[in-house]
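Working through the structure, step by step
Spelled out from the first residue to the last, the chains are:
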Amino acid sequence: MASKTEIKYAPGAKKIDAGSIATPFREEVRIQVQKLKDAGIDAPLLVGLLANTDPAARKYADWTGRACRADGIRYELRTMDDPIDVEAALRDANDDPRVHGIIVYYPIFGQVESFSGESQDDYLRDTVSYKCDVEGLCHDYRSNLYRNVRYVDFPTNTKKCVLPCTALSVVKILESCSTCYDKSKPIGKHMEGKTVTIINRSEIVGRPLAAMLANDGADVYSIDIDSIYLFRGGRLHKCEGETPESCVRKSNIVITGVPTKNYRLPSEWIQPNTTVVNVASFKNVDADEILQIEGVQYIPMVGKVTVAMLERNLMRLFYNFHHPDRQHEDRHKAELEAPRPAQWYGTPVQIYTALAATAVLGMMLAQTAKK
């Protein structure tokens, strides 16, 4: 039987296994969990809520469960036959002090509108407590991300925000590529001079990722079905005259996240020395073709890094809000900041005047008694 012909890549071109990028992050989580156990503290509990038959969602849930158990994290998957039950299950998890993190496996309702006026899935995302939102997709974290606010407890700044785990996984992948990030530059300028194209503007991946990369100094073209926007310096600019092809051709980094098997990014748009990341569960590029382009770095999947970022977010939430020491600190702080009864005095002069008046009154009463 003839062996399969080995495909030779162009000079400098390479395919990168995201699993190798995830490994150090997961090892860090294992160490943190073991330290908790050594201190007599239970490992954090992550609860997954699944109410759909989408194969990708089920696969993600299985990956999450296996990874958490392997790294010492407690994981509980709660399934519902009727999607309408998800909100009640979500609120129960929010209110359960035993639960330290929650992940909802979307899509559930898709873009079906809710009573609140937004899509039902968007409504559910905003229902997750910020103290348990391992995906970093609730309103509090999204709002902070788009305003480039990095802490949830301003001005003390001891509790870092969590970031959307899929978008964060792409950032960590790019940080591992030597040509994408320059850590010698100040924070906010690590990607200064880089141009990025993201073909996806969903609230889960494309939009937060564009904001994160723009916050790091890049010019980011955000492409959706009917529009192209440029994220630059904390502002959004509508692009007139640009096309997907023109954006991709001028980009150092191209990220695809089109959720359909029928989409393929034309390989001839990709320039030499470009980094290409496929976020979608479908292959949006022809790997064999783009690896014939000199210097191309191709990352075909981000799932393993996404799960590592999810675990990392869980640990951050645990230390921010659920660790016994942190809860004690927060209770003590709340007691110190609680309103106190108004004092009857304000200055030393007022105290002296009050004492003098009391003494005079006492003398007058004593003289009256003698008479």
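Above this text is the structure in question.
Below you will find a few notes about this structure. What you are looking at is a predicted structure, and each value in this text was computed from that prediction instead of being measured.

Secondary structure assignment for the protein chain yields 12 helices and 11 strands. Residues counted as buried form 45% of the 371 residues belonging to the protein chain. Roughly 20,200 Å² of accessible area belongs to the protein chain as shown, and the carbon and sulfur atoms make up 54% of that amount.

Glancing now at the pattern of salt bridges. In total, this model carries 15 salt bridges according to the counting rule given. Linking Asp-71 and Arg-30 is a salt bridge whose minimum nitrogen-to-oxygen distance equals 2.7 Å. Of this pair, Asp-71 sits in the loop between helix 2 (55-70) and strand 3 (74-79) while Arg-30 sits in helix 1 (residues 18-38); the two residues are 41 residues apart in sequence, bridging distant segments of the chain. The residue Glu-192 makes a salt bridge to Lys-185 at a minimum N-O spacing of 3.9 Å. The class of Glu-192 is partly exposed, set by a relative accessible area of 39%. Linked by salt bridges that have partners in common, Arg-26, Glu-27, Arg-30 and Asp-71 make up one network.

This paragraph deals with the environment of Leu-174. Within the element layout of this structure, Leu-174 appears in helix 6 (residues 165-176). Accessibility expressed as a relative area gives 0% for Leu-174, which makes it buried. Once the C-alpha coordinates of Leu-174 and Thr-275 are considered, the two residues, 101 residues apart in sequence, prove to be 8.3 Å apart.

Attention now moves to the packing of helix 1 against helix 10 (residues 303-322). Relative orientation and spacing of two packed helices are given, respectively, by the angle between their axes and the distance between those axes. In contact at an axis separation of 8 Å, helix 1 and helix 10 are set at 25° when each is read in the N-to-C sense. By the criterion of interaxial angle, the relationship of helix 1 to helix 10 is roughly parallel. Remark: the crossing between helix 1 and helix 10 carries left-handed chirality. Residues Ala-18, Gly-19, Ile-21, Ala-22, Phe-25, Arg-26, Val-29, Gln-32, Val-33 and Leu-36 of helix 1 lie in contact with helix 10, whose contacting residues are Lys-304, Val-305, Ala-308, Met-309, Glu-311, Arg-312, Met-315, Phe-318 and Tyr-319.

Within the largest apolar cluster, 66 residues are counted, with the highest numbers of intra-cluster contacts made by Leu-174, Val-196, Leu-213, Val-220 and Ile-255. With 10 residues, helix 10 is the single largest residue contributor to this core. Excluding residues that lie within four positions of it along the chain, Leu-213 makes contacts with Val-171, Leu-174, Tyr-181, Met-191, Val-196, Ile-198, Ala-218, Val-220 and Ile-255. Counting residues in each nonpolar core, the second largest holds 23 residues, with Ala-10, Val-285, Ile-290 and Val-296 among its members.

This part covers the sheet that holds strand 9 (residues 253-256). Strand order across the open sheet formed by 8 strands is 1-11-10-9-5-6-7-8, with mixed pairing between neighbours. Because the sheet does not close on itself, it has two edges, and the strands there are strand 1 (14-15) and strand 8 (235-238). Across 4 bridges, the pairing between strand 5 (residues 195-199) and strand 9 is parallel. Across the sheet, residue Val-196 finds its bridge partner in strand 9, namely Ile-253.

Position of Ile-204 among the secondary structure elements: in the loop between strand 5 and helix 7 (206-215). Not counting chain neighbours up to four residues away, the residues in contact with Ile-204 comprise Arg-125, Leu-137 and Pro-164.

Burial along strand 10 (residues 275-278) is two-sided: the residues Thr-275 and Val-277 and Val-276 and Asn-278 are all buried. Two elements, strand 9 and strand 10, share 4 bridges in a ladder whose sense is parallel. Opposite Val-254, over in strand 10, you have Val-276 as the bridge partner. Bridge count between strand 10 and strand 11 (residues 297-299): 3 bridges; the pairing is parallel. The residue bridging Val-276 from the neighbouring strand is Tyr-298, located in strand 11.

Relative to the 16 Å expected for 12 residues at 1.5 Å per residue, helix 6 spans 16 Å between its end C-alpha atoms, a close match to the ideal helical length. Within helix 6, 10 of the 12 residues are buried, leaving the element largely enclosed by the surrounding structure. Within the span of helix 6, buried status applies to Cys-165, Thr-166, Ala-167, Leu-168, Ser-169, Val-170, Val-171, Lys-172, Ile-173 and Leu-174.

What follows concerns helix 5 (residues 139-146). Along helix 5, the positions that sit buried rather than exposed are Tyr-141, Arg-142, Asn-144 and Leu-145. The buried residues of helix 5 all sit within an arc of 165° when viewed along its axis, so they share a single face. Contacts from the buried residues of helix 5 go to helix 4 (120-127), helix 7 and helix 10. Directly after helix 5, the chain includes Asn-148, whose backbone phi takes a positive value near 60°.

Scoring rules and cut-offs
- Residues numbered from 1 in each chain as written.
- Predicted model: local features only at pLDDT ≥ 70, side-chain atom pairs only at ≥ 80, totals over all residues.
- Heavy atoms only, no water.
- Helix = DSSP H or I, 4+ residues; strand = E, 2+ residues; numbered from the N terminus.
- Buried < 20%, exposed > 50% of the residue type's maximum accessible area, 1.4 Å probe, protein only.
- Areas by Shrake-Rupley, 256 points an atom, 1.4 Å probe, with all protein chains shown as cover.
- Salt bridge = Lys/Arg side-chain N within 4 Å of Asp/Glu carboxyl O.
- Axes fitted to C-alpha atoms, helices over the stretch in contact; angles between N-to-C directions.
- Parallel < 35°, antiparallel > 145°, perpendicular 65-115°, else oblique.
- Left-handed = near helix turned anticlockwise from the far one by under 90°.
- Contact = heavy atoms within 4.5 Å.
- Core = buried A, V, L, I, M, F, W, Y, C linked by side-chain atoms within 4.5 Å.
- Pairing = 2+ DSSP bridges.
- Expected span 1.5 Å × (residues − 1).
- Arc of directions from axis to C-beta.

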